[in-house]
Each structure stands twice: as C-alpha cells, then as structure tokens.
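Understanding the architecture of this molecule
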Amino acid sequence: MDGLRIATFGTGPRTIIAVHGITASLMAWAAAGRRLPDGWSLVAMDLRGRGHSASLPGPYGLPRHVEDVLRVADHVGAGQEAVLTGHSMGAYVAALAAARRPFARVVLVDGGIPLPPLPGDTDPDTALEALLGPALARLRQTFPSAEAYVDFFRAHPAFAGRWNDDVEAYARYDLTGPEGALRSRAVAEAVAQDGRWLHVEREAVGAALEAIKAPLHLLRAPRGLLDQPVGMLPDDLVRPWAERLPGLRDEVVPDCNHYTILFDERCVTTVVDRLTAPA
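Structure report, in brief. Predicted model, so just to flag it, every value in this text is computed and none were measured.

1. Some details on the state of the cysteines
Covalent bonding between the sulfur atoms of two cysteines is what defines a disulfide. Taken as a whole and assessed by the stated rule, the structure comprises one disulfide. A disulfide bridge connects C256 with C267, and the sulfur atoms are separated by 2.1 Å. Where C256 bonds to C267 through sulfur, the torsion about that S-S bond is close to -110°, and the disulfide is left-handed. Here C256 is found in the loop between β9 (248-252) and α11 (265-275), whereas its partner C267 is found in helix α11, with eleven residues between them in sequence. When sorted by exposure, C256 lands in the same class as C267, which is buried.

This is the structure:
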C-alpha cells in the first residue's frame, strides 16, 4: 500500500489496527494475531523507516506515522467500529490517531502516557540513548550472519529465560543487507526523529489523550526495557493521568517486561483479551 508493508492476522470482520514501537516491526504483533478469537482480524504495518517500509522517505515524526496509520485504516475499511492499539512508541501514535477519528476502543500497551520532562538542558538525543540503550546500539552494528543477529537478541536482558519462536521470528524479520554485513532494517534517522518528537511534544500527547472519546485502556508492564524492576510507565508517572482522564482504565499485566508483554504467552493472551473484550 503506497510502499507501506501491512500484514493481516485472522479473517474475522471485527478489525484491530495495531502499531509497533520505535525500533520494531509489524512482527511485534504476530503473537497477538495468532491468538485472536473467531470473528476478529488484526492489521499491523511496518511504520515508515522500519521493517519492509524502511525505504519510504522522511520526514518522520509521530504526526507522519498518524497519517500512515489512518491511511491503512481506510485501505482495509476499518471504520469507527474498529479497535486501535499500539505498543511503546506505537501507543503514542495510536493516541494521536484516536484524537483525529473515532474508534470503538483504544488500547495503549506500555506507552502513550507523556514522558516526564527532560531535566535542565538535557538533549533529547541523549535522553533517547539513555532510554533505549541496546536497541539503538543494534542499529549501528552489522552482523556476520543471521545466527549472530539472533544471538544478539537472545542475549538481551528482556529475553533471558523468555526466548521463544515468536521472538526469533521477530528478530529474523528485521534483517537486511548482504551476508557478512547484515543489519537491522530500522533507519537510524527515523528512530532519532521520532525519539526527539516524543520528548519535545509532550503537550501534544497530553492534548490527544484528553481529546479521545473512545473507551481508553492502558496496559502496563511492571518491568522495563532491560527487565529492570521499574517499568517504562511507573505508577508515579501514570497516576496524574489516571486522575486527569476519568475514562482511562489502567491495568498492570503481572510478570511482564516492556517486550514480553507482546511475546510471553500469558502476557500476550491478556493483551488479546483486552483488545477483543465485549464493548
């Protein structure tokens, strides 16, 4: 679709539009897509600058992704009865998109709440490096083989003791380049532009959340990107927004980290249950 790679999981008439994170791909949603109940389908896309949409030009930034997401929704005929979801950065894209048009439900998965303000004169690029760590390092590396790339993922703290076929398929999908110099498909400048936007445009995210009319559900992982004991959205960050948005349903999914919330069988089953729950 105009260069955007999309994939549909399931064949049911009820549709979920799903948006992935800042260095991820549509394969982040494959485990959820396989667990859909009858009557549902899930449409995921590779965002501009990622996956098999990596060749699409900038400028990047979340408003550009919102335009692409809404075009995909139109392309697949997803009307206001569709569910919209996003993980990590994709949750912020989903919030911005849901402020633009009605959806039946919006489910934010470990993202979507404005990031805390940067202290002092901290540069947004420095903050992004501190936040994403190994994910950004991956974009600067080349790998001699697909197995070496899979091993890099396997060593990530988030997947220690939690490796499965879905994670491996996710890693292999991300590979491009010649044998001996394989690399991630994610475009570093796309990641950098999107990361800057997230830190600089906090007020735009807050305004979008307040403008959403659909039922709004936040699913949080209690552990972080590196499996650290504090998640990406800790209680003290979410609490003011839960008070500010009386329609927000805030739920912590136990024993998940930022990645395994979409890969661990028990965690992703909870996500699918919330996406497909009766209205």
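Don't stop here, the text continues.
2. Details of the packing of helix α2 (residues 62-75) against helix α8 (residues 188-200)
Here α2 crosses α8 at 105°, and the two axes come no closer than 9 Å. Classified by the angle their axes make, α2 and α8 are roughly perpendicular. In this structure, α2 contributes L62, P63 and H65 to the contact, and α8 contributes D194, W197 and L198.

3. Observations regarding the side chain of N257
Relative to the assigned elements, N257 resides in the loop between β9 and α11. Taking relative accessible area as the criterion, N257 reaches 1% and is therefore assigned buried. Separated by 2.9 Å, the side chain of N257 and the backbone oxygen of A158 make a polar contact. Here the side chain of N257 touches D227 through a polar contact of 3.1 Å, side chain to side chain.

4. A few points about unusual backbone geometry
Leaving glycine aside, a negative phi is the common case for residues, and trans is the common case for peptide bonds. Following G58, the chain continues into P59 via a peptide bond in cis, with omega recorded as 5°. Inspection of the secondary structure puts P59 in the loop between β3 (40-45) and α2. Even without being glycine, D227 reaches a positive phi, approximately 65°. Relative to the assigned elements, D227 resides in the loop between β8 (216-220) and α10 (235-244). Unusually for a residue other than glycine, D255 sits at a positive phi of about 60°.

5. Things to note about the sheet that holds β3
Strand pairing within a sheet occurs via backbone hydrogen bonds; the two strands may be parallel or antiparallel. Reading across from one edge, β1-β3-β2-β4-β5-β8-β9 is the order of the seven strands in this open sheet, with mixed pairing throughout. Both outer strands of the open sheet, β1 (6-10) and β9, are each paired with one neighbouring strand and no more. Adjacent strand axes in the sheet meet at a mean angle of 20° when their direction is disregarded. Two elements, strand β5 (residues 105-109) and β8, share four bridges in a ladder whose sense is parallel. Its bridge partner being in β8, V106 is matched across the sheet by L216. On the sheet, α11 packs against β2 (14-19), β3, β4 (83-87), β5, β8 and β9 and is oriented at approximately 160° with respect to β5.

What counts and what doesn't
- Residues numbered from 1 in each chain as written.
- Predicted model: local features only at pLDDT ≥ 70, side-chain atom pairs only at ≥ 80, totals over all residues.
- Heavy atoms only, no water.
- Disulfide = S-S within 2.5 Å.
- Helix = DSSP H or I, 4+ residues; strand = E, 2+ residues; numbered from the N terminus.
- Buried < 20%, exposed > 50% of the residue type's maximum accessible area, 1.4 Å probe, protein only.
- Axes fitted to C-alpha atoms, helices over the stretch in contact; angles between N-to-C directions.
- Parallel < 35°, antiparallel > 145°, perpendicular 65-115°, else oblique.
- Contact = heavy atoms within 4.5 Å.
- Polar contact = N/O pair within 3.5 Å; in protein donor to acceptor, adjacent residues only side chain to side chain.
- Pairing = 2+ DSSP bridges.

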